[in-house]
Each structure stands twice: as structure tokens, then as C-alpha cells.
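Descriptive structure summary
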Amino acid sequence: MSTATIENIDASTLSTEEKYAFAILSNLPVEEVNQLKQRLNLGNPGVIGPGTLSAFLQLCKERGLDLSEAGVNAFKEKHHLNNSGLYQGMIGPQTAGVYFDEIWGSRGDVVEAEGDFNRAIATAAEKLLGMCTMDGPDGGNNACAWSLNRVLAKAGIPALGENPNYVPSLVEALRNGRGIEVSREEARAGDLVVAYGEAHIGVGLDDGCKTVLSNSSSRASFRWESDTDFNGSYGGPSTIYRLLK
């Protein structure tokens, strides 16, 4: 197995979470490391440096993977990986491979973007129709941004927004390089629709984003199908964005 080249990383200075993230990356085949780097919009293929490590650790957090010592032991037990004796809490190629599968859903749990974000986002949104959002903010009552980021996670796309649960934070990220604003005439399935006043967000399901899927606060479920302006619920016209990266 050919592995990636390590550059400018001193393992003795890493935190526990960083050490486990580094162990995963350094035990993956270089092809899988490059897949991760491509999806994280990182250059310099075949190399694991501080930037790769930092971005990968953030991705693990977004996927809900606990890289504390207890979290890694629990992960190994859950997946029936050898976790006794000298192997307790250790990450080798087999464990790293399972982490890779968990992140990218190679067992069919994740819709991969493959360079076409709109297609991946629209497909992921449709697959998540009816998803319970009670684990989101306020028991699902304010979970529209949270739901949108669950859609992106299922599409294999990094989370949007410094605060992934707050619509204005998502909009700020879109305006600062991760997206562009598009007209209703240009809009297509998979574009992101932001309500007037940045009060809500959803995913367009068709050309023109005439049908938008978003969180239903009253039902704590990702199942509200509305028109582009969320059926007039927010007092003005929506803005449509296309995710670029």
C-alpha cells in the first residue's frame, strides 16, 4: 500500500484528537488521502501537512466522529475491530479504512458530489425528505440551517457557515467565496434558497427553485415543501445561491 508523504508535522506536539486524525490519514492509501483532499478543496496531492490535518479534523467533527481516546475505543468496539491488549486505542490501516468508509459512506449512506454539487445536493435533499430534526436547535424548532448542513453532509460536501446552525452565518460564507447569487431564471435544482431577512433556508428541488424543501418547525421534520418565497411566510422575496465549493 502506497501512503502519502508527511510534511511539517511533529507528532509529539499534537493534541489527542490531532494524533488520532493524523493516524487515520497516515494509515490510508494515498489514493484515499487524495480523495479527501479533493473534497476538502486542498491542493498538493499525495502530501499530508498541517493544513490537511486541520481540515480533516474539522471534517471528522462535522461528521460527528469523536476522536478523543474514549471515542476511538468506542468506535473500534462498535465496528468489531481488534481493541484488546496492544491494539487498544490504536489506529492501523484496517481501522483507518473503516473511518474513511464512515466519513464518505461507501456503504451507500452518502451521496457523493463528484464535482456536481447541485445534483448531489438535490439528490441528498430528496433522500432526507421526512428526516426528524429534533436533534437540531430548539428541538427542531429552529433547525433549518442545521438541516441544510445535514443535506450537505449526505452529499459529501463540507459544512457551510462558521456557525452551521445560523442562517446569516451560512449566507456570509456563501457571499465570501463558497457560493454565488443566481436569478430565478438561472436557478436550478440543488440551489440554496434563503428567505427574506435571512430568516430561513431550504433546497430548491426543480428548475427555477419553484419548489423548496426545508425544515418544518411545527413538525420538527425536514418535510416542508413550499414555493420559492416560502409561501409568503417571511414577508418578502427569497434570494437564491449556488454552492461552488
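Everything that follows concerns the structure shown earlier in this document.
What counts, and where the lines are drawn
- Residues numbered from 1 in each chain as written.
- Predicted model: local features only at pLDDT ≥ 70, side-chain atom pairs only at ≥ 80, totals over all residues.
- Heavy atoms only, no water.
- Helix = DSSP H or I, 4+ residues; strand = E, 2+ residues; numbered from the N terminus.
- Rg over C-alpha atoms; globule rule 2.2 N^0.38 Å.
- Buried < 20%, exposed > 50% of the residue type's maximum accessible area, 1.4 Å probe, protein only.
- Contact = heavy atoms within 4.5 Å.
- Areas by Shrake-Rupley, 256 points an atom, 1.4 Å probe, with all protein chains shown as cover.
- Lys, Arg positive; Asp, Glu negative; His and termini not counted.
- Charge placed at Lys NZ, Arg CZ, Asp CG, Glu CD.
- Pairing = 2+ DSSP bridges.
- Phe/Tyr/Trp six-rings, centres within 6.5 Å; stacked < 30°, edge-to-face > 60°.
- Lys NZ or Arg CZ within 6 Å of the ring centre and 35° of its normal.

**Comments concerning the overall build of the chain**
Of the regular secondary structure elements, the chain holds eight helices and nine strands. Here the C-alpha atoms of the chain give a radius of gyration of 19 Å, agreeing with the 18 Å that 2.2 N^0.38 yields for 245 residues. With the C-alpha coordinates aligned to their principal axes, the bounding extent of the chain is approximately 60 × 35 × 30 Å. In the chain, buried positions account for 49% of the 245 residues. For the chain, long-range pairs separated by at least 24 residues make up 56% of all intrachain contacts whose partners lie at least 6 apart in sequence. When the accessible surface of the chain is totalled, it reaches about 11700 Å², and 46% of it is carbon and sulfur. Here the chain holds 21 positive side-chain charges and 31 negative ones, and the gap between their average locations is 2 Å.

**Some remarks on the pairing of strand β6 (residues 201-204)**
As paired strands, strand β5 (residues 192-194) and β6 are joined by three bridges and run antiparallel to one another. Each residue of the ladder has a partner; that of L192, found in β6, is V203. Counted between consecutive antiparallel strands, the loop separating β5 from β6 contains six residues, among which G197 sits at a positive phi close to 75°.

**What about the packing of aromatic side chains?**
Scanning the model with the defined rule gives three aromatic pairs in all. Pairing F75 with Y99 gives two aromatic rings, centres 3.7 Å apart and planes at 10°, and the pair type is stacked. Placement of the pair is F75 in helix α4 (residues 69-78) and Y99 in helix α5 (residues 93-104), with a sequence separation of 24 residues. Pair check on accessibility: F75 and Y99 agree, each one buried. Aromatic side chains F230 and Y234 sit 5.9 Å apart centroid to centroid with 90° between the ring planes, which places their arrangement in the edge-to-face category. Accessibility expressed as a relative area gives 0% for F230, which makes it buried. Overall, Y234 belongs to the partly exposed group, its relative accessible area being 28%. Taken together, the aromatic side chains of W224, F230 and Y234 make up a single cluster linked through ring pairs. The ring of W146 carries R150 above its face, with NZ or CZ at 4.9 Å from the centroid.

**A few points about the environment of L81**
Mapped onto the fold, L81 is located in the loop between α4 and α5. Judged by relative accessible area, which is 8%, L81 ranks as buried. Along the primary structure L81 and V98 are separated by 17 residues, whereas in three dimensions their C-alpha atoms are 9.2 Å apart. Those residues in contact with L81 that sit more than four places away from it in its chain are F75, K76, Q94, T95 and V98.

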